[in-house]
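# Structural description and commentary
Okay, here's what each chain looks like letter by letter:
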Amino acid sequence: ALLPVYFITAWPPLFILMNILLGAASLLSLYLAVWQLTKRRFPSFTAAFLLFGHAYFVWLVTLPMSENMSLFLLTFFLYLFAAPRLGQARVVALAVVVCGLFLTKFALFPVTASLGLLVLFRLQAEKSQQLMIWFLGLGSFLAALTLLYQAHWVQYNPTLVFESQYEVKSAQTIVAF
């Protein structure tokens, strides 16, 4: 959620605006996903209202953190996946969303792996071998880029990519309460 704003400025109200836009996009994605599944307005509005009315969702607007981007990517995944048939454009978008979710928050690796397997199972059920190749190829390419990027930032040690926080504490920074 922070990255798009950093290209403009580090002014805090823009971070809140970005979180509001991501929240609105999450609501719209959830509404459209439920609409695709039910073709009825009431369940779609109810799902969006329950997400919007939740205290955690309202609290997230004030946080310039990755949870807002993760929530948007998850609801957008639901929208893409809820289509009656997956085409090439949706499969490419699903690969980008799954890799983007992993890149946004490494602690969501089990979720991203599960979502990737879910897409593969669906493509297998639809007997779409060409789309499976697209998903696996693009997903592998984006995952490799992510790991290489992280290995560069974490002192060329790729095993640290999967740690949620990497911090070196010296004796001077440890404070006893």
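We now turn to the structure provided with this report. (Residues numbered from 1 in each chain as written. Predicted model: local features only at pLDDT ≥ 70, side-chain atom pairs only at ≥ 80, totals over all residues. Heavy atoms only, no water.)

### Structural notes on the overall build of the chain
For clarity, the cut-off: Comment: elements are numbered from the N terminus, with helices defined as DSSP H or I runs of at least four residues and strands as E runs of at least two. When a residue's accessible area, from a 1.4 Å probe over protein chains only, is under 20% of the maximum for its type it is buried; when over 50% it is exposed; and in between it is partly exposed. Two residues qualify as a contact provided that any one of their heavy atoms is within 4.5 Å of a heavy atom in the partner residue.
Counting its regular elements, the chain contains eight helices and zero strands. Each helix (α) and strand (β) of the chain, taken in turn from the N terminus, gives the series α-α-α-α-α-α-α-α. The buried share of the chain, reckoned over its 177 residues, is 37%. Expressed as a percentage of contacts within the chain between residues at least 6 apart in sequence, the contacts between residues at least 24 apart total 58%.

### Details of the pattern of salt bridges
As a reminder, the rule being used: Just to be clear on terms, a salt bridge is a Lys or Arg side-chain nitrogen sitting within 4 Å of an Asp or Glu carboxyl oxygen.
Across all of its chains, the model carries three salt bridges by this definition. Measuring nitrogen to oxygen at the nearest pair gives 3.7 Å for the salt bridge that ties Arg85 to Glu126. Pair noted here: Arg85 is in the loop between α5 (67-81) and α6 (88-104) and Glu126 is in the loop between α7 (109-125) and α8 (129-153), with a separation of 41 residues, a long-range link. Among the ionic contacts, a cluster of salt bridges with common partners joins Arg85, Arg122 and Glu126.

### Notes on the packing of aromatic side chains
Pairs of aromatic rings are described using the distance from one ring centre to the other and the angle between the two planes. Our working definition: Working definition: rings of Phe, Tyr and Trp (its six-membered ring) pair if their centres are within 6.5 Å, and the pair is stacked with planes under 30 degrees apart, edge-to-face with planes over 60 apart, and tilted otherwise.
Applying the stated criterion to the full structure yields five aromatic pairs. Considering the side-chain rings of Phe77 and Phe81, the 5.5 Å spacing of their centres and the 10 degrees angle between planes classify their relative orientation as stacked. Taken as a pair, Phe77 and Phe81 lie in helix α5 at a separation of four residues, close to a single helical turn. Its relative accessible area of 2% is what places Phe77 among the buried residues.

### Considering the nonpolar core
The test is simple: Buried residues of nine kinds, namely Ala, Val, Leu, Ile, Met, Phe, Trp, Tyr and Cys, make up a nonpolar core once their side-chain atoms join them within 4.5 Å.
In this structure, Leu73, Phe77, Val91, Leu94, Val119, Leu123 and Phe135 are the most contacted members of the largest nonpolar core, which totals 23 residues. Only α2 (12-38), α5, α6, α7 and α8 provide two or more residues apiece to this core. Residues in contact with Leu73, not counting those within four places in the same chain, are Val97, Gly100, Leu101 and Thr104. Formed by six residues, the second largest nonpolar core is a distinct cluster that contains Leu27, Leu30, Tyr31 and Ala48.

### Quick word on the packing of α2 against helix α3 (residues 41-53)
Definition in use: Every axis corresponds to a line fitted to the C-alpha atoms, with the helix fit spanning only the stretch in contact, and the corresponding angles, defined between N-to-C directions, vary from 0 to 180 degrees. Roughly parallel means an angle under 35 degrees; roughly antiparallel means over 145; roughly perpendicular covers 65 to 115; every other angle is labelled oblique. For a crossing to be left-handed, the near helix must be turned anticlockwise from the far one by less than a right angle; the clockwise case is right-handed. Note on residue classes: Ala, Val, Leu, Ile, Met, Phe, Trp, Tyr, Cys and Pro are nonpolar, Asp, Glu, Lys and Arg are charged, and everything else, Gly too, is polar.
Where α2 contacts α3, the two axes come as close as 8 Å, and the packing angle between them is 150 degrees. The orientation of α2 with respect to α3, classified from their angle, is roughly antiparallel. When you trace α2 past α3, the crossing you get is right-handed. Touching Ser26, Leu27, Leu30, Tyr31, Val34, Trp35 and Thr38 of α2 are Arg41, Pro43, Ser44, Phe45, Ala47, Ala48, Leu51 and Phe52, all from α3. Residue composition of the contact of α2 with α3, by class: eleven nonpolar, three polar and one charged.

### Details of the layout of surface pockets
Test applied: Here a cavity denotes grid points, spaced 1 Å and computed from the protein atoms alone, that fit a 1.4 Å probe unable to get out, and a pocket denotes an open set having protein on both sides within 12 Å along at least 5 of 7 lines; residues with an atom within 4 Å of a point are the lining. Grid points are joined across faces, edges and corners, and a volume is the space filled by probe spheres set on the points.
Empty space within the second largest pocket amounts to approximately 360 Å³. Looking at the second largest pocket, it is lined by 18 residues, and the ones nearest its centre are Val98, Cys99, Thr112, Gly139 and Ala143. Listed by contribution, the elements that provide at least two residues to the lining of the second largest pocket are α6, α7 and α8. Per element, the largest residue contribution to the lining of the second largest pocket is seven residues, and it comes from α8. In terms of residue class, the lining of the second largest pocket is made up of 13 nonpolar, five polar and no charged.

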